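Residue-level structure breakdown
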2 protein chains.
Amino acid sequence: MAVAVAMAVTDIATRTYNHNWRHDPIVRSLLDTDFYKLLMLQMIRHLYADVQVTFQLINRTKTVRLADDIDEAELRAQLDHARTVRFAKKELIWLAGNSFYGQQRMFAPDFIDWLSGFQLPEYELRAVDGQYELRFEGPWTHTTMWEIPALTIINELRARAAMRDRGRFALDVLYARAKAKLWEKVERLQQLPDLVLSDFGTRRRHGFLWQRWCVEALKEGLGSRFIGTSNVLLAMDNDLEAIGTNAHELPMVLGALADGDDALRRAPYDVLDQWRRHYGGNLLIVLPDAFGTASFLRDAPDWVADWTGFRPDSAPPIEGGEAILDWWRARGRDPRQKLLILSDGMDVESIEAAYRHFHGRVRLSFGWGTNLTNDFRGCDPQDAVGLKPVSLVVKVAEANGRPAVKLSDNPAKATGNPEAIARYLRVFGSDGHVRSDVLV
Amino acid sequence: MAVAVAMAVTDIATRTYNHNWRHDPIVRSLLDTDFYKLLMLQMIRHLYADVQVTFQLINRTKTVRLADDIDEAELRAQLDHARTVRFAKKELIWLAGNSFYGQQRMFAPDFIDWLSGFQLPEYELRAVDGQYELRFEGPWTHTTMWEIPALTIINELRARAAMRDRGRFALDVLYARAKAKLWEKVERLQQLPDLVLSDFGTRRRHGFLWQRWCVEALKEGLGSRFIGTSNVLLAMDNDLEAIGTNAHELPMVLGALADGDDALRRAPYDVLDQWRRHYGGNLLIVLPDAFGTASFLRDAPDWVADWTGFRPDSAPPIEGGEAILDWWRARGRDPRQKLLILSDGMDVESIEAAYRHFHGRVRLSFGWGTNLTNDFRGCDPQDAVGLKPVSLVVKVAEANGRPAVKLSDNPAKATGNPEAIARYLRVFGSDGHVRSDVLV
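Per an unreviewed UniProt entry, chain A goes by Nicotinate phosphoribosyltransferase and derives from Sphingomonas xinjiangensis. Among the UniProt annotations of chain A, the heading Function (unreviewed entry) holds the following wording: "Catalyzes the synthesis of beta-nicotinate D-ribonucleotide from nicotinate and 5-phospho-D-ribose 1-phosphate at the expense of ATP." In UniProt, chain A has this text filed under Pathway (unreviewed entry): "Cofactor biosynthesis; NAD(+) biosynthesis; nicotinate D-ribonucleotide from nicotinate: step 1/1."

This is the structure we're talking about:
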């Protein structure tokens, strides 16, 4: 670490080479997570301290046999190491003293104090039929924090395994090509004068150092058009805004806890009501698709239209965005005062298309994920499968022993047991659900 | 330097960035020179310790105004710094203890001892009409050693100036593109199973760290087909063979010292006679073109055909090589036992063409220079002129007050005053001289 501090840019190829001969921890900070986890955690601790939530790993890319690619002992060593990491003092001081979305003291002193004792809880891991069953059972206040570290560990171990036998200069050239490729994207994005973009690529990243390179490159290449990163550690280290609000786990858990269909139907709005009691302003972003966007909009109370913006996360960006613009207009709101955040599998082409389509008609912001931090297509002469991203998620499986469900607007992204999914489809309907392949 | 030692691969972009805010010496070792300088120096010290030789800088690329691009104070600071550098103990121990071309004790103990006190001599510098007049006057035993450091300093300062206003990530991407570009070349050269290639790129390199990257990349990428480097420091640091024998300065000085036309006509062979008394085996490489290859071959004594090989340096590689094969055959020698070294402005295309043309007909070896260590074509979005190599040489101007001349096979590469050139053309003729543009 002394070298990493002394040199502003670490030589990624050398470090990757070194991964092969010693244990090199992937998770080195509990801030190396998405900002929304901390915002949600503060609310969860406040309102749901007693709720038990099980998260589990889901690999949607069935053709990739993770347990064949990643050594179980190595995986355990990384997960165990992550459990030894604590929030550092300087990290907590920064969380307490920094402003987020223009707001001071976003995190209450008692929450910061509680974080100082935080430790990732235990995990259950076994290999079954070439896949890993990885589950986190326990209080929601703790299991929720495994989502990002579990994903970054598995993704980075997989990339390391794919590169294990490469020479040092072959690796250097691999990263050289990836850098050149990302910079071509930066040069295209420089052509969009009113672009507003942030990094959402932590969970699917190729590796920490590569994400850091990407984020710092965007900071230099896009200037003020690059507004920040969802990664709290990178935001702190680079004086960038930490970006993010809330995720599907909130309506999923509240849906699971709801007694009866009426309560289930109300759950997505109950979540928003609780959220607005905790946070305001730019944090009032609706994630409408947990159980389908069409039903969400149809049944939404009028105050939802007062929120700052929407983040459609599984509908095609232009059609999905237009549906929300229509809904704002139908509720008498001017879309030009509203914010649309597009973050589902975006890349330069879809960013350009959405930018041109919506420019001047709505405030537009992009969250750029997998195709920012894990795009090595065309960079690897060996075209290794292990360098292609997999569609890997850590999702709520149960809350207080009841099954949790996500429908989304794309049935390929649905999670939950078949019976529960059938019940949710009965309650919410399947208007507007369109199956499309999940690539990232 | 501590960081460079601790990390096997230095981050070139970061270092280049740093060049802008502090003095970063270019010449840090007197071994950072071409191997042939040391071989020639040992002979010069033995036979010509009293000869005074003036070297001077010649910029054949007149459109590039070096004095406008490079700050004079910076240039003086680098030249002055080079004069403070001495051979380090470990360097002299390596020169004494290493074998070169399979031969132990290539350098005599008294020569090694003399090197321990060596210092680069004074220089004269002034800017005239946008160009630098840079001259080194004094004993041949000292002025000869300025050739390579003077060239590397000017070339690297020029590149630094071109990159002065670049951002850190723009620089990182520039090098990323150059790495990817070089690796494409490596992948093409991997297709040539009997390739024999060495680095001759010190004098025209973009910078020391970049040359080091290129050399280490060739070592990994080409394995045993990459036989070594002309750069003595890089050879030592990477356990590579130091490659090189002799240069035009020997016949140029002996030509200048010759009394009368007959002596002048004999000078190219007198040099070889002296050389073979000092060195043997693979070091017996003829550089035939100082005053034109055709006249050299026509008048050569028979024992020249016993030498190991030829390095044609200014004729087109295939035609020039064929002329030498014809000459060997005419003298009753089998070219398949002989070595042809091609090193004039080679790049992948011309290496492939010559390889295919000569494969199986002669032992073939390539010296890859400018297009190895200074090819940023297509890598720079700003397409800066300062990142394109210039045809810069440091040549003998006078020996003991008499003008020195080089004709070469290409009149565009001729050096010397017009009267002297006219005399040399009268003595040697101009058979086979073909003008072509000098790009590198």
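**Focus: the overall build of chain A**
Looking only at helices and strands, chain A features 19 helices and 12 strands. What you see for chain A is a C-alpha radius of gyration of 21 Å, in line with the 22 Å of a compact globule of 440 residues. Dimensions of chain A, computed from the C-alpha atoms along their principal axes, are close to 60 × 50 × 45 Å. The burial tally for chain A puts 62% of its 440 residues in the buried class. By sequence separation, contacts in chain A at least 24 residues apart represent 79% of the contacts at least 6 residues apart. With the model as given, the accessible surface of chain A reaches about 16700 Å², and the carbon-plus-sulfur share is 49%. Distance between charge centroids for chain A: 1 Å, based on 55 positive and 59 negative side chains.

**Here we look at the sheet that holds strand β5 (residues 226-229) of chain A**
Residues and elements named next belong to chain A. Strand order in the open sheet formed by seven strands is β6-β5-β4-β10-β9-β8-β7, with parallel pairing between adjacent strands. Where the open sheet ends on each side, the last strands, each with one partner, are β6 (241-242) and β7 (285-286). Relative to β6, β5 runs parallel, the two being bridged by two bridges. Considered in β6, the bridge of G228 is made with E241. Where helix α11 (residues 208-222) meets the sheet, it contacts β4 (197-199), β5 and β10 (363-368), and its direction lies at approximately 160° from that of β5.

**Points about the UniProt feature "domain: Nicotinate/nicotinamide phosphoribosyltransferase" (unreviewed entry) in chain A**
Those residues carrying the UniProt feature "domain: Nicotinate/nicotinamide phosphoribosyltransferase" (unreviewed entry) are residues 197-428 of chain A in this numbering. Secondary structure across residues 197-428 of chain A divides into 41% helix and 14% strand, with the first and last C-alpha atoms of the span separated by 32 Å.

**Thoughts on the UniProt feature "domain: Nicotinate phosphoribosyltransferase N-terminal" (unreviewed entry) in chain A**
Under the feature "domain: Nicotinate phosphoribosyltransferase N-terminal" (unreviewed entry), the UniProt entry names residues 31-155 of chain A. Overall, residues 31-155 of chain A shows 47% helix and 14% strand. The separation of its end C-alpha atoms is 18 Å.

**Thoughts on the packing of aromatic side chains**
Residues and elements named next belong to chain A. The final tally for this structure, using the stated rule, is 50 aromatic pairs over all chains. Ring plane angle 0° and centroid distance 5.3 Å describe the contact between W210 and W213, whose orientation is recorded as stacked. Here W210 and its partner W213 are both found in helix α11, three residues apart, which amounts to about one turn of the helix. Exposure class is identical for W210 and W213. Each is buried. Judged by centre distance (5.5 Å) and plane angle (55°), the rings of W210 and F376 are tilted. Residue W210 is found in helix α11, and its partner F376 is found in the loop between α18 (370-373) and β11 (392-399); the two are separated by 166 residues along the sequence. There is no split in this pair, since W210 and F376 are both buried. Taken together, the ring pairs connect F35, F87, W94, F100, F107, F111, W114 and F118 into an aromatic cluster. Above the ring of W303, the side-chain terminus of R276 is found at 3.7 Å from the ring centroid.

**Regarding the domain arrangement of chain A**
Residue and element names in this part refer to chain A. We note that the domain assignment places domain 1 (26-165 + 388-428) and domain 2 (169-374) within chain A. Placing the centre of domain 1 and that of domain 2 at their C-alpha centroids yields a distance of 19 Å. Interface area, domain 1 with domain 2, both sides summed: about 5400 Å², of which 58% is carbon and sulfur. The largest share of the area that domain 1 buries against domain 2 comes from M43, Y101 and F428, three residues that together contribute 15% of it.

**Description of the sheet that holds strand β3 (residues 131-136) of chain B**
Residue and element names in this part refer to chain B. The five strands lie next to each other as β2-β3-β1-β11-β12, forming an open sheet whose pairing is antiparallel. Looking along the sheet, the strands with just one partner apiece sit at the ends: β2 (124-128) and β12 (402-403). In this sheet, strand β11 (residues 392-399) lies alongside strand β1 (residues 53-59) in antiparallel orientation, the contact comprising seven bridges. The residue of β11 that forms the bridge with V53 is A399.

**Re the pattern of salt bridges**
Pairing between side chains of opposite charge can happen when their charged atoms approach one another. Residues and elements named next belong to chain A. In this structure the tally under the stated criterion is 84 salt bridges over all chains. Between R333 and D306 there is a salt bridge whose closest N-O contact spans 2.7 Å. A residue pair is termed long-range when its members are at least 10 positions apart, and R333 in the loop between α16 (317-330) and β9 (339-342) and D306 in the loop between α15 (293-299) and β8 (309-310) qualify at 27 residues. Within this structure, D34, K37, E147, R203 and E249 form a network of salt bridges that share partners.

**Here we look at helix α9 (residues 147-162) of chain B**
With 16 residues, α9 of chain B extends 23 Å from end C-alpha to end C-alpha; this agrees with the ideal 22 Å at 1.5 Å per step. Most of α9 of chain B sits inside the fold, with 14 of its 16 residues counted as buried.

**Observations concerning helix α5 (residues 72-84) of chain B**
Here α5 of chain B spans 19 Å end to end across 13 residues, near enough to the 18 Å set by a 1.5 Å rise per residue. Near the N-terminus of α5 of chain B, the side chain that reaches the backbone nitrogen of A73 of chain B, with its oxygen 3.2 Å away, is that of D71 of chain B.

**A closer look at the packing of helix α10 (residues 168-189) of chain B against helix α11 (residues 208-222) of chain B**
Residue and element names in this part refer to chain B. Two elements in contact, α10 and α11, have axes separated by 10 Å at closest approach and are oriented at 35°. Relative to α11, α10 is oriented so that their crossing is right-handed. Contacts from Y175, A178, K179, L182, W183, V186 and L189 of α10 reach α11 at W210, W213, C214, A217, L218, E220, G221 and L222. Along the lines of polarity and charge, the residues of the contact of α10 with α11 split into 12 nonpolar, one polar and two charged.

**Some thoughts on the side chain of R168 of chain B**
Counting through the fold element by element, R168 of chain B comes out in helix α10. Among the polar contacts made by the side chain of R168 of chain B, one reaches the side chain of E216 of chain A at a distance of 3.0 Å.

**Side note on the environment of V393 of chain A**
Mapped onto the fold, V393 of chain A is located in strand β11. Sequence-distant contacts of V393 of chain A, that is, excluding residues within four places in its chain, are made with Q56, L57, I58, R60, L151 and R204 of chain A.

**Considering the pairing of β3 of chain B**
Residues and elements named next belong to chain B. Where β1 meets β3, two bridges bridge the pair, whose relative direction is antiparallel. By the bridge assignment, Q56 is partnered in β3 with R135. Judged from the five bridges that link them, β2 and β3 form a sheet pairing that is antiparallel. Each bridged residue has a counterpart across the sheet, and for L125 the counterpart in β3 is L134.

**Looking at unusual backbone geometry**
Negative phi is the rule for most residues except glycine; trans is the rule for most peptide bonds. All names here are of chain B. Non-glycine residue D239 carries a positive phi angle of around 50°. Along the chain, D239 turns up in the loop between α12 (232-237) and β6 (241-242). Since its relative accessible area comes to 70%, D239 is described here as exposed. Phi angles above zero are rare outside glycine, and S408 is one such case at about 65°. With respect to the element layout, S408 can be found in the loop between β12 and α19 (418-428). Accessibility expressed as a relative area gives 0% for S408, which makes it buried.

**Examining the packing of helix α10 (residues 168-189) of chain A against helix α17 (residues 348-358) of chain A**
Residue and element names in this part refer to chain A. Orientation of α10 relative to α17, taken along the N-to-C sense of each, is 10°, at an axis distance of 10 Å. Here α10 is positioned roughly parallel relative to α17, judged by the angle of their axes. Contacts between α10 and α17 involve K185, R188 and L189 from the first element and V348, E349, I351 and E352 from the second. For the contact of α10 with α17, the per-class residue count stands at three nonpolar, no polar and four charged.

**Some details on the side chain of T61 of chain B**
Residues and elements named next belong to chain B. As for its placement among the helices and strands, T61 is situated in the loop between β1 and α4 (66-69). Of note is the side chain of T61, whose polar atom sits 2.8 Å from the backbone nitrogen of S391. Discounting chain neighbours no more than four positions away, the residues touching T61 are V390 and S391.

**So, the confidence of the model for chain A**
All names here are of chain A. Per-residue pLDDT for chain A averages 93, and the proportion of residues at 70 or more is 95%. A low-confidence stretch, residues 1-8 stays under pLDDT 50, and its non-local contacts, those more than four residues away or across chains, total 10 contacts. Taken over the whole predicted complex, pTM reads 0.84, whereas the ipTM for its chain interfaces reads 0.75.

The rules behind each value
- Sequence order sets the numbering: in each chain, residues are counted from 1 along the sequence as written.
- Here the convention is simple: chains get letters from A, ligands get numbers from 1, in the order in which they are written.
- Where totals are concerned, whole chains, interfaces and linings use all residues; where local detail is concerned, this predicted model gives features only for residues with pLDDT of at least 70, and gives and counts side-chain atom pairs only at 80 or more.
- Where side-chain values are given, they derive from all heavy atoms of the structure, hydrogens and water being excluded.
- UniProt positions are given in the numbering used here, feature names are shortened, and annotations may be inferred rather than shown by experiment.
- For helices the rule is a DSSP run of H or I covering at least 4 residues; for strands it is a run of E covering at least 2, with both sets numbered from the N terminus onward.
- Only C-alpha atoms enter the radius of gyration, while the globule expectation follows 2.2 Å times N to the 0.38, with N the number of residues.
- Partly exposed describes any residue whose relative accessible area lies between the buried limit of under 20% and the exposed limit of over 50%, with all areas from a 1.4 Å probe on protein chains only and scaled to the type maximum.
- Whether two residues are in contact is decided by their heavy atoms, any of which lying within 4.5 Å being enough.
- Accessible areas in this description were obtained via Shrake-Rupley with a 1.4 Å probe; residue shielding takes into account the shown protein chains only.
- Counting rule applied: Lys, Arg positive; Asp, Glu negative; His and chain ends not counted.
- Charge positions come from single atoms, namely NZ of Lys, CZ of Arg, CG of Asp or CD of Glu.
- Between any two strands, at least two bridges found by DSSP are needed for them to pair.
- Angles shown run from 0 to 180 degrees and are taken between the N-to-C directions of axes, each axis being a line fitted to C-alpha atoms and, for helices, limited to the stretch in contact.
- Stacked, tilted and edge-to-face are the three classes assigned to paired rings of Phe, Tyr and Trp, where Trp is represented by its six-membered ring and a pair needs centres within 6.5 Å; plane angles under 30 degrees give stacked, over 60 edge-to-face, the rest tilted.
- A ring is considered to have a charge above it if a Lys NZ or an Arg CZ atom is located within 6 Å of its centre and within 35 degrees of its normal.
- Note that domain bounds follow an automatic or database assignment of domains.
- Accessible-area loss on putting two parts together, using a 1.4 Å probe and summing over both, is the definition of buried area adopted here.
- A pairing counts as a salt bridge when a side-chain nitrogen of Lys or Arg comes within 4 Å of a carboxyl oxygen of Asp or Glu.
- What a helix should span is 1.5 Å times the count of its residues minus one.
- Whenever a nitrogen or oxygen atom comes within 3.5 Å of another N or O atom, the pair is scored as a polar contact, on the condition that within protein one atom can donate a hydrogen and the other can accept it, and that pairs from neighbouring residues in sequence are kept only if both atoms are in side chains.
- Should the near helix be turned anticlockwise from the far one by less than a right angle, the crossing is left-handed, and should it be turned clockwise, the crossing is right-handed.
- Under this grouping Gly is polar, as are all residues other than the nonpolar Ala, Val, Leu, Ile, Met, Phe, Trp, Tyr, Cys and Pro and the charged Asp, Glu, Lys and Arg.
- For classification purposes, angles smaller than 35 degrees are called roughly parallel, those larger than 145 roughly antiparallel, those between 65 and 115 roughly perpendicular, and all remaining angles oblique.
- pLDDT expresses, on a scale from 0 to 100, how confident the predictor is about each individual residue.

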